[in-house]
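Chain by chain, the residues run as shown.
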Amino acid sequence: MTVRTRLAPIAEHVLPYAATLTMLGALWCVFIYAPDERMQGPVQRIFYFHVNCAWSAFLGFFVAAGASGLFLWRGRPAYDHLAQAGVQVGMLFCTMVLVTGPIWARPIWGTWWTWDPRLTMTVILWTIFAVYLLLRATAHDDPEIARYGAVLALVGVLDIPLIMVSVRLWRGMHPSVISAPEGKGGLEDPRMITTLLVTLAAFLLLVAWLLWRRYETLRLHDEIHNIEDRFTEVAA
Amino acid sequence: MWTILRKDLLLEFRTREALSALVVLMLLVLLTFTFAFDPAGAREAAPAVLWVTFIFAGLLSVQRTFLLERENGSWYGLLLTPIDRGAIFVAKMLGNLIVLALAQCVLLLLLMLFLQVPLPAAPGSLLIVNVLGLVGFSALATLFAALSVRLRAREMLLPLLVLPLLVPLVICAVEATRIVLAGGDLASTGPWLRVLVTFDVIFTVAGWMLFEQLVQE
């Protein structure tokens, strides 16, 4: 609780404005400042959203896994709220990755979808956490559901390395922009790197703010539930 | 632990309820595949047919793991026994594994009979690949059976929970089976087999450790 009360003023009064401003800056960078890519032309600009969405999705899922672990260990409902918030925000960005990817792939690869390892991996990850949300939605009144969800999130994250290795073995055309060796792909113009960093900052602030909003909503939801319970007890 | 395993197996072999239903279900899924693919096409897809049949039939069978205890109210008795909760998981997992292994043997025979899949050059390798696939499946499915048994929509939720997590196992088991059926030996399935072993180890340990979290009440 103390962490929450300490974070609250920053999250309430700084984050939304900081996120909005950097997001506007990021839009300017993406559409005006960054140069056209030599081979791909303006289509490449979706990269700045696509990659940051992917990183944000991973961030959300790892927050969820970490909070789930803490919840199983300590049992504080706050960790469960954070885990749920992580999955919800992660799912939002994961869905955006799966939407922006095909939009880029259609003109560049000539197909909307291919069974490339990273695509396969993302879609499997999406299904795992979609089931998490389904589980929470179908059994929201079960007192044990928080613990079930935490187990699912942990097992899901344990599964990620295995999925990565097996889909890589299974099919091996996705550009590795960031980790590509010198002169093969990669961001050639320094302005592109600046743009990527600005958009990354904007996405991180957005993720932090969304996580905060979701966390607060879930916390208040729980609190109202408790008050209702106490009220019916008193009335009876 | 051995007592729980002995009790479950005894119950199973006295009634042969799960096993006979499982084998008939596998036969029916296999027939459905054969009709859908044409026998020749199904032979091409034999490794996939084998594992998809196994997984769908197996999920229905694993569903029942904790149902008996729930229905008879002996659940609390089981939980009150002074043993590590992890041991209950291991016992239940082994019980599932044995029943599934017997069914899988029948399924392999049916596959060879109906689809004229020739006996591989290295039957031992086929056996090892199958056992590794079964161990991973039993571990993951038993853990989530414990999770879903309390829920209202459990018939729907168990496959939903388990199928996405099983993806690495499906890929590796199918590919390794394909290699072995084509006459390869165990060494040629190297990378697939390594992922399968890792999968088995991770989820057996994770099940053993996390099971406790699912049965606290």
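Residues numbered from 1 in each chain as written. Chains lettered and ligands numbered in written order. Predicted model: local features only at pLDDT ≥ 70, side-chain atom pairs only at ≥ 80, totals over all residues. Heavy atoms only, no water.

## Examining the overall build of chain A
Selection criterion: Working definition: helices are DSSP H or I runs of at least four residues, strands are E runs of at least two. Numbering for both runs from the N terminus. Burial here depends on accessible area, computed with a 1.4 Å probe over protein chains only, as a share of the maximum for the residue type. Under 20% is buried, over 50% is exposed, and the range in between is partly exposed. Charged-residue counts in this description rest on Lys and Arg as positive and Asp and Glu as negative, His and the chain ends being excluded. To locate a charge, take NZ of a lysine, CZ of an arginine, CG of an aspartate or CD of a glutamate.
Across its full length, chain A carries seven helices and zero strands. Over its C-alpha atoms, taken along the principal directions, chain A stretches across nearly 70 × 45 × 25 Å. Evaluated residue by residue, chain A yields a buried proportion of 44% over its 236 residues. Side chains of chain A carry 18 positive and 18 negative charges; the gap between the two charge centres is 6 Å.

## A short note on the overall build of chain B
Defined as follows: To get the radius of gyration, use the C-alpha atoms; to get the globule rule, take the number of residues to the power 0.38 and multiply by 2.2 Å. Note that accessible areas follow from Shrake-Rupley with a 1.4 Å probe, and for residues the cover is restricted to the protein chains shown.
For chain B, the count of helices and strands is 10 helices and zero strands. Listing every helix and strand of chain B by position from the N terminus yields α-α-α-α-α-α-α-α-α-α. Against the 2.2 N^0.38 benchmark of 17 Å for 217 residues, chain B shows a C-alpha radius of gyration of 17 Å, consistent with a compact globule. A principal-axis box enclosing the C-alpha atoms of chain B has dimensions of 50 × 35 × 30 Å. Here chain B holds 217 residues, and the buried ones make up 54% of them. As displayed, chain B has an accessible area near 9400 Å², and 70% of this comes from carbon and sulfur atoms. Distance between charge centroids for chain B: 5 Å, based on 14 positive and 14 negative side chains.

## Some details on the side chain of Asp80(A)
Residue and element names in this part refer to chain A. Using the following cut-off: Two residues form a contact once any of their heavy atoms are found within 4.5 Å.
Mapping Asp80 onto the fold places it in helix α4 (residues 77-109). Using a relative accessible area of 8% as the deciding quantity, one classes Asp80 as buried. For Asp80, the residues in contact, after removing those within four places along its chain, are Phe71, Tyr132, Arg136 and Ala146.

## Points about the pattern of salt bridges
All names here are of chain A. To keep things clear, this is the line we draw: Salt bridges are counted wherever a side-chain nitrogen of Lys or Arg sits within 4 Å of a carboxyl oxygen of Asp or Glu.
Counting across every chain of the model gives six salt bridges over all chains. Close ionic contact of Asp80 with Arg136 constitutes a salt bridge, the shortest N to O distance being 3.0 Å. Here Asp80 is found in helix α4, whereas its partner Arg136 is found in helix α5 (residues 117-138), with 56 residues between them in sequence. Residue Arg136 is classed as buried on the basis of its relative accessible area, which comes to 11%.

## Quick word on the environment of Leu50(B)
Note that Leu50(B) resides in helix α4 (residues 46-62). In the structure, Leu50(B) is positioned 123 residues away from Ala173(B) in sequence and 9.8 Å away in space, judged by C-alpha atoms.

## Some details on the packing of α4(A) against helix α7 (residues 190-235) of chain A
All names here are of chain A. How we decide: Angular values range over 0 to 180 degrees, each being the angle between N-to-C directions of two axes fitted as lines to C-alpha atoms, with helices fitted over their stretch in contact. An angle below 35 degrees is treated as roughly parallel, one above 145 as roughly antiparallel, one from 65 to 115 as roughly perpendicular, and anything else as oblique. Put simply, a crossing is left-handed when the front helix is turned counterclockwise from the back one by less than a right angle, and right-handed when it is turned clockwise. Residue polarity follows a fixed list, in which Ala, Val, Leu, Ile, Met, Phe, Trp, Tyr, Cys and Pro are nonpolar, Asp, Glu, Lys and Arg are charged, and the others, Gly among them, are polar.
Two numbers describe how α4 lies on α7: the axes approach to 8 Å, and their chain directions differ by 135 degrees. Considering their axes alone, α4 and α7 lie oblique with respect to each other. Crossing angle aside, the handedness with which α4 passes α7 is right-handed. Facing α4, whose interface residues are Pro77, Ala78, His81, Leu82, Gln84, Ala85, Gly86, Gln88, Val89, Leu92 and Phe93, α7 presents Phe203, Leu206, Val207, Leu210, Leu211, Arg214, Tyr215, Leu218, Arg219 and Asp222. Split into classes, the residues belonging to the contact of α4 with α7 amount to 14 nonpolar, four polar and three charged.

## Side note on the interface of chain B and chain A
Interfaces are often sized by the accessible area lost when the parts come together. The test is simple: Here the quantity called buried area is the total loss of accessible area, with a 1.4 Å probe, experienced by two parts when brought into contact, counted for both. What qualifies as a polar contact is a pair of N or O atoms within 3.5 Å, subject to a donor-acceptor requirement within protein and to the restriction that residues adjacent in sequence count only when both atoms come from side chains.
The partner chain A presents 29 residues to the 31 residues of chain B that form the contact. Of the roughly 2600 Å² buried between chain B and chain A, counting both surfaces, carbon and sulfur atoms make up 76%. Inspection of the region where chain B meets chain A yields zero salt bridges. The tally of links between chain B and chain A comes to zero residue pairs in polar contact (both at pLDDT 80 or more). Elements with a minimum of two residues in the side of chain B that touches chain A: α8 (123-148), α9 (154-181) and α10 (190-214) of chain B. Taken together, the residues of the side of chain B that touches chain A break down into 24 nonpolar, three polar and four charged.

## Focus: the packing of aromatic side chains
Aromatic ring pairs: the centre-centre distance and the angle between the two ring planes describe each pair. Keep this limit in mind: Think of it this way: a Phe, Tyr or Trp ring, Trp meaning its six-membered ring, pairs with another when their centres are within 6.5 Å, and the plane angle makes it stacked under 30 degrees, edge-to-face over 60, tilted otherwise. By definition here, charges over rings are those cases where NZ of Lys or CZ of Arg is within 6 Å of the ring centre and within 35 degrees of the ring normal.
Under the counting rule described, the total for this entry stands at 10 aromatic pairs over all chains. Considering the side-chain rings of Trp51(B) and Phe54(B), the 5.6 Å spacing of their centres and the 85 degrees angle between planes classify their relative orientation as edge-to-face. One end of the pair, Trp51(B), and the other, Phe54(B), are both in helix α4, three residues apart, so they sit about a helical turn from each other. Phe54(B) matches Trp51(B) in its accessibility class, with the two residues each being buried. Above the ring of Trp73(A), the side-chain terminus of Arg74(A) is found at 4.2 Å from the ring centroid.

## Some words on helix α2 (residues 17-37) of chain B
Residues and elements named next belong to chain B. Stated precisely, the cut-off is as follows: Given the number of residues in a helix, its expected span is that number minus one, multiplied by 1.5 Å. Note: the arc covers the axis-to-C-beta directions of the helix.
The end-to-end C-alpha separation of α2 is 30 Å, in line with the 30 Å expected for 21 residues at 1.5 Å each. By the burial criterion, the buried members of α2 are Ala18, Leu19, Leu22, Met26, Leu30, Phe33 and Thr34. Down the axis of α2, the buried side of the element spans an arc of 135 degrees, and every buried residue falls inside it. Turned more than 90 degrees away from the buried face of α2, the exposed residues are Thr32, Phe35 and Ala36. In the stretch just after α2, Asp38 is the one whose phi turns positive, near 75 degrees.

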